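Residues per chain are reported as follows:
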Amino acid sequence: MRRALFAGLAAFTLTLGLRADTPNVYAIRGARIVTAAGGTIDSGTIVVRRGLIEAVGPAITPPADAEVIDGKGLTVYPGLIDLGNTRAADQAAPQPLQNPRTMAEIERWKRTQILKPQARAADAVKVDDAELTKLLALPSGDVISGQSALVNVVAPPDEPQIGNIVEPRRGLVVVKNPVALHVSFPDRPRAGGNAYPESLMGVIAFVRQAFLDAQHYASEKHRGPQGAAVQDDPVLEAMQPALDRKMPVAFEANASREILRVLKMARELKLDPIVTGARDAEEVAADLKSQNARVIFSLNYPQRSPALAPDADEPVRTLRARADAPKVPAALASAGVAFAFESAGLAEPKDFVKNAAKAVKAGLAPEAAIRALTVNAATIAGVADHLGTIEKGKIANLVVTDGDLFEEKTKVTRVFVDGRPVSLEAAPAAPAGRGRGGQ
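Residues numbered from 1 in each chain as written. Predicted model: local features only at pLDDT ≥ 70, side-chain atom pairs only at ≥ 80, totals over all residues. Heavy atoms only, no water.

A. Representation of the sheet that holds strand E10 (residues 174-176) within the structure. If you trace the four strands from one edge of the open sheet to the other, you get E6-E7-E9-E10, paired in mixed fashion. Because the sheet does not close on itself, it has two edges, and the strands there are strand E6 (81-85) and E10. Taken over all neighbouring pairs, the strand axes of this sheet differ in orientation by 30° on average, direction set aside. Sheet topology places strand E7 (residues 134-137) next to strand E9 (residues 149-152); four bridges connect them, and they run antiparallel. Considered in E9, the bridge of Leu135 is made with Val151. (Pairing = 2+ DSSP bridges. Helix = DSSP H or I, 4+ residues; strand = E, 2+ residues; numbered from the N terminus. Axes fitted to C-alpha atoms, helices over the stretch in contact; angles between N-to-C directions.)

B. Up close: unusual backbone geometry. In this chain, Asn177 is followed by Pro178 through a cis amide linkage whose omega measures -5°. Among the structural elements, Pro178 can be located in the loop between E10 and strand E11 (181-183). Of the consecutive residues Tyr196 and Pro197, the connecting peptide bond is found in the cis state with omega at -5°. Position of Pro197 among the secondary structure elements: in the loop between E11 and helix H4 (200-221). Backbone geometry places Lys270, a non-glycine residue, at a positive phi of 60°. Positionally, Lys270 belongs in the loop between helix H7 (256-269) and strand E13 (273-277).

C. Expanded view of the packing of aromatic side chains. This structure, assessed with the given rule, holds six aromatic pairs. Judged by centre distance (5.3 Å) and plane angle (65°), the ring pair of Tyr26 and Phe416 falls under edge-to-face. With Tyr26 in strand E1 (residues 25-34) and Phe416 in strand E17 (residues 412-417), this pair connects stretches of sequence that are 390 residues apart. Just as Tyr26 is buried, Phe416 falls in that class too. Here Phe297 and Tyr301 contribute two aromatic rings whose centre-to-centre distance is 6.4 Å and whose plane-to-plane angle is 50°, an arrangement assigned as tilted. Taking the relative accessible area as the measure of exposure, Phe297 reaches 1% and is therefore buried. (Phe/Tyr/Trp six-rings, centres within 6.5 Å; stacked < 30°, edge-to-face > 60°. Buried < 20%, exposed > 50% of the residue type's maximum accessible area, 1.4 Å probe, protein only.)

D. Region of the structure containing helix H11 (residues 351-361). Of all the eleven residues making up H11, eight are buried; the element is thus mostly covered by neighbouring parts of the structure. Here H11 has its buried residues at Asp351, Phe352, Val353, Asn355, Ala356, Ala357, Ala359 and Val360. Residue Gly363 follows H11 closely and has a positive phi angle near 125°.

E. Just the packing of H4 against H7, in detail. One way to put it is that H4 packs onto H7 with a least axis distance of 11 Å and a crossing angle of 20°. The orientation of H4 with respect to H7, classified from their angle, is roughly parallel. For the crossing formed where H4 meets H7, the hand is right-handed. When H4 is examined against H7, the residues Leu200, Ile204, Val207, Arg208, Phe211, Leu212 and Gln215 are found in contact with a partner set consisting of Arg261, Met265, Glu268 and Leu269. Residue composition of the contact of H4 with H7, grouped by class: seven nonpolar, one polar and three charged. (Parallel < 35°, antiparallel > 145°, perpendicular 65-115°, else oblique. Left-handed = near helix turned anticlockwise from the far one by under 90°. Contact = heavy atoms within 4.5 Å. Nonpolar A, V, L, I, M, F, W, Y, C, P; charged D, E, K, R; others polar.)

F. A look at the nonpolar core. Residues Ile144, Phe211, Leu288 and Phe341 are the most contacted members of the largest nonpolar core, which totals 87 residues. If one sorts the elements of this core by residue count, H4 sits on top with eight residues. With residues up to four places along the chain from it excluded, the contact list for Ile144 reads Ile114, Leu115, Lys116, Pro117, Leu181, His182, Val183, Val207, Ala210, Phe211 and Met239. Listed in part, the 19 residues of the second largest apolar core include Leu83, Val179, Ala250 and Ala340. (Core = buried A, V, L, I, M, F, W, Y, C linked by side-chain atoms within 4.5 Å.)

G. Fine view of the pairing of strand E5 (residues 75-78). Burial along E5 is two-sided: the residues Thr75 and Tyr77 and Val76 and Pro78 are all buried. Two strands pair when backbone bridges link them, and E1 and E5 are joined in this way by two bridges, in the parallel orientation. If you follow Ile33 over to E5, its bridge partner there is Val76. For E5 and strand E16 (residues 398-401), the ladder comprises four bridges, and the chain directions are antiparallel. Bridge assignment links Tyr77 to a residue of E16, and that residue is Val399.

H. Spotlight on the environment of Lys134. Note on placement: Lys134 falls in strand E7. Along the backbone, Lys134 and Leu150 are 16 residues apart, and their C-alpha atoms lie at a distance of 6.9 Å. Those residues within four positions of Lys134 in sequence are excluded, and the remaining contacts are Leu80, Ile81, Asp82, Leu150, Val151, Asn152, Val153, Val175, Leu387, Asn397, Val417 and Asp418. Side-chain polar atoms of Lys134 contact the side chain of Asn152, separated by 2.3 Å. (Polar contact = N/O pair within 3.5 Å; in protein donor to acceptor, adjacent residues only side chain to side chain.)

I. Focus on helix H12 (residues 366-373). Buried residues of H12: Ala369, Ile370, Ala372 and Leu373, and no others. Buried residues of H12, viewed axially, fall in a sector of 160°; they line one side. Among the structural elements, E1, E5, E6, strand E15 (339-342), H11 and helix H13 (375-380) are those in contact with the buried residues of H12. (Arc of directions from axis to C-beta.)

J. Just the side chain of Gln291, in detail. Assignment of secondary structure puts Gln291 in the loop between helix H8 (285-290) and strand E14 (294-298). In this structure the side chain of Gln291 is engaged in a polar contact, spanning 2.9 Å, whose partner is the side chain of Arg267. The contact partners of Gln291, leaving out residues within four places of it in the chain, are Leu263, Ala266, Arg267 and Pro273.

K. Summary view of the confidence of the model for the protein chain. Chain-level statistics for the protein chain give a pLDDT mean of 85 and a share of 82% at 70 or above. Here residues 1-22 is a poorly scored stretch, pLDDT under 50, and it has 78 contacts once near neighbours within four places are set aside; other chains count. Counted against residues more than four places away or in other chains, residues 159-171, with its pLDDT under 50, gives 14 contacts. (pLDDT = per-residue confidence, 0-100.)

L. Here's a closer look at the pattern of salt bridges. Across all of its chains, the model carries 14 salt bridges by this definition. Note that Glu54 is salt-bridged to Arg49, the shortest N-O span being 2.6 Å. A relative accessible area of 33% means that Glu54 is categorised as partly exposed. Judged by its relative accessible area of 26%, Arg49 is partly exposed. The shortest N-O distance in the salt bridge between Glu314 and Arg322 comes to 2.6 Å. Residue Arg322 is classed as partly exposed on the basis of its relative accessible area, which comes to 21%. Taken together, the shared-partner salt bridges in this structure form one network comprising Arg49, Glu54 and Asp65. (Salt bridge = Lys/Arg side-chain N within 4 Å of Asp/Glu carboxyl O.)

Rendered as structure tokens:
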């Protein structure tokens, strides 16, 4: 059975076996090379040595010690980066509070569940079970849920000491930690029942107050001898990099009014904003651009509800939202807004690239789509100095295909992660993805 590109990506992400018995030097010769750093090389050679790109260009001679790969008829892309993945971190769902005696006790417990800036997705990364070559592992939960981490899809082949396997391998896959502090605004947080906050306006007030509390905590600690008496608070301490603009804050917002709200909050609190989800971002593209806010656009497009009968009508607004969703990236590109893509909420890993292809069909230039999947994602994650493009000195994350990335019949032939080939053996279907709350 012929395996198309999108199914192939899903398959390789579940095998993710690095071959430890392979040489450290490779040369892909005579391939079309999409560098994402500028122009495309119609026929060129890439030399990979010890995990890095040693040379790339149209007139490169493979070194004598390289394993030479015939690239005729193939296209090489930088490794694809999913900048929002809910399956990569295995975080347990919160357990209900047992036998609470007062509403105050419930509210204190709820606060610990929805104010978790100190929580790190890097501490719960599932080794060898993720997508593509790099991805952003998201923290689970509602409201201020914690810090994301950029991770490899596989650990290096070097085995850790027996008896201490999981933690070393987890550390080996982490590329950058943290990347951003993540905030969402659910209409009603799941934790804590009827305790405050139990409405959207309450959540907005809670988030703003949490940042104000963190500002006050910092000012008290810096007051000298008087501030020395302030008790250390790991929760408020974890918010300080965001307040100092050393760590961006990723606000989940989809409707245009929600995006404007988070942009206003970021201005008031002097935060560095990233907008995630961004389903209606084209309506406020100028506002995003004026504030230099980056966007991580969700490729989890609206779908017709499976509960509806086949012949049931839907509101025109719903139909329009579904039709317009793939058009948003093109609007962002036209407005000059920096954006990347995320898979958060997608049930099928193969739909990540497939839905990016829908954005291309809806008007996004293929070059812009490639940049969103590679160098833009690396830039937003703060790692563009060594990832995201095919250039000399960059880490060798490569995807090799037998055609254009966005053509449905294209197949992946090879994948390199940190300069080593990944097994592309067939694998069973991927499990359904969880939502942001880890359910």
